[in-house]
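Single-letter residue listing:
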Amino acid sequence: DWSSDVCSSDLIEKTGYLRLSEFSSNTADRVQEALDSFKSAGFTSLVIDLRNNGGGLLSAAVDIADKFIDSGIIVSTKSRISSENSVYTASARKTKVAKNFPVVVLINGASASASEILAGALKDSKTAYLVGERSYGKGSVQIPTPLISKDGFKITVARYYSPSDVNIDKRGIKPDREVKYPE
């Protein structure tokens, strides 16, 4: 099953494969469709492929993480102004995947931003095992501002922090098992 942002299929017997190429407004719904399909097929494990996923909407990453995590912090943002700090937490009523369901997440150096938020949340909550290479390290919250013509700029207003309170920016997410991918 292919769409512009989500690909799902069976990888090997009873293992679902879910590749996310970006985080858009419909990604969380497409992930839920894939999870429902996997559940009805009796799959017993899942691989989430975030390699080369440059990110997208924070809300989509949080919504997807909440399908796997039943409580605790998913991600937080910290600004220079403490009143602008935000904490995104998981809700048990939104959880769709059983707590001990085996999940492996694939990441590489091109996994950035929202994909790092999802990978970091699943790793820190011990919901998934990360395999691959350290992610890119794009942990800044930026607001785009258009100018005249097609010009514009982005201003950094905060930084993303994983549930273990690690700043993602310029550090990335370290996998549980490092595997170098061929060029």
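Preceding this paragraph is the structure being described.
A brief report on the enclosed structure follows. Chains are numbered independently. Their residues run from 1 in the order of the written sequence. In keeping with the model being predicted, local features are shown solely for residues with a pLDDT of at least 70 and side-chain atom pairs are shown and tallied solely at 80 or more, while totals for entire chains, interfaces and linings include all residues. Each side-chain value is worked out from all heavy atoms of the structure, with water and hydrogens disregarded.

### What about a nonpolar patch on the surface?
Distance thresholds for patches are 9 Å for like charges and 5 Å for nonpolar side chains (Val, Leu, Ile, Met, Phe, Trp, Tyr), applied to residues having over 30% relative accessible area and no salt bridge. In this description, accessible areas are obtained by the Shrake-Rupley approach with a 1.4 Å probe, and a residue is regarded as covered only by the protein chains that are shown. Throughout this description, the term salt bridge denotes a Lys or Arg side-chain nitrogen within 4 Å of a carboxyl oxygen of Asp or Glu. Among the surface-exposed residues, I143, L147, I148, F153 and I155 lie close enough to one another that they form a single nonpolar patch of about 500 Å² accessible area. Numbered from the N terminus, helices here are DSSP runs of H or I no shorter than four residues, and strands are runs of E no shorter than two. Along the polypeptide, I148 turns up in the loop between β8 (140-146) and β9 (152-161). Residue I148 is classed as exposed on the basis of its relative accessible area of 71%. Residue exposure (1.4 Å probe, protein chains only): buried if accessible area is under 20% of the type maximum, exposed if over 50%, otherwise partly exposed.

### Remarks on the nonpolar core
Ranked by size, the top nonpolar core spans 41 residues in total, and within it L20, F23, I48, L50, F68 and V105 carry the most contacts. For this core, the elements supplying multiple residues, two or more each, are β2 (15-20), α1 (27-40), β3 (45-49), α2 (58-68), β4 (73-79), β6 (103-107), α3 (114-124) and β9. Counting residues per element, this core draws most heavily on α2, at seven residues. Setting aside residues up to four positions removed in sequence, V105 forms contacts with I48, L50, A119, L122, A128, Y129, L130 and V131. In this description, a nonpolar core means a group of buried Ala, Val, Leu, Ile, Met, Phe, Trp, Tyr and Cys residues linked to one another through side-chain atoms lying within 4.5 Å. Contacts are assigned to residue pairs with any non-hydrogen atoms lying within 4.5 Å of each other.

### Structural notes on the pattern of salt bridges
In total, this model carries seven salt bridges according to the counting rule given. For D49, the salt bridge identified is with R51, shortest N-O distance 2.6 Å. Its relative accessible area of 2% is what places D49 among the buried residues. The shortest N-O distance in the salt bridge between K180 and E178 comes to 3.2 Å. Look at the salt bridges and you will find they share partners, linking R159, D169 and K170 into a network.

### Some details on the sheet that holds strand β5 (residues 86-89)
Pairs of strands are assigned from DSSP output, requiring at least two bridges between the strands. With antiparallel pairing, the four strands of this open sheet are ordered in space as β5-β4-β9-β8. Sheet topology places β5 and β8 at the edges, where each strand pairs with a single neighbour. Mean inter-strand twist for the sheet, computed between neighbouring axes without regard to direction, equals 25°. Direction of pairing for β8 relative to β9: antiparallel, over a ladder of seven bridges. Bridge pairing in β9 links P144 to K154. The angle between two axes is taken between their N-to-C directions and runs from 0 to 180 degrees, where each axis is a line fitted to C-alpha atoms and a helix contributes only its stretch in contact. With respect to the sheet, α2 is in contact with β4, β5 and β9, its orientation differing from that of β4 by roughly 150°.

### Quick notes on α3
Among the 11 residues that make up α3, nine are buried, leaving the element largely enclosed by the rest of the structure. For α3, every residue scored as buried is listed here: A114, S115, E116, I117, L118, A119, G120, A121 and L122.

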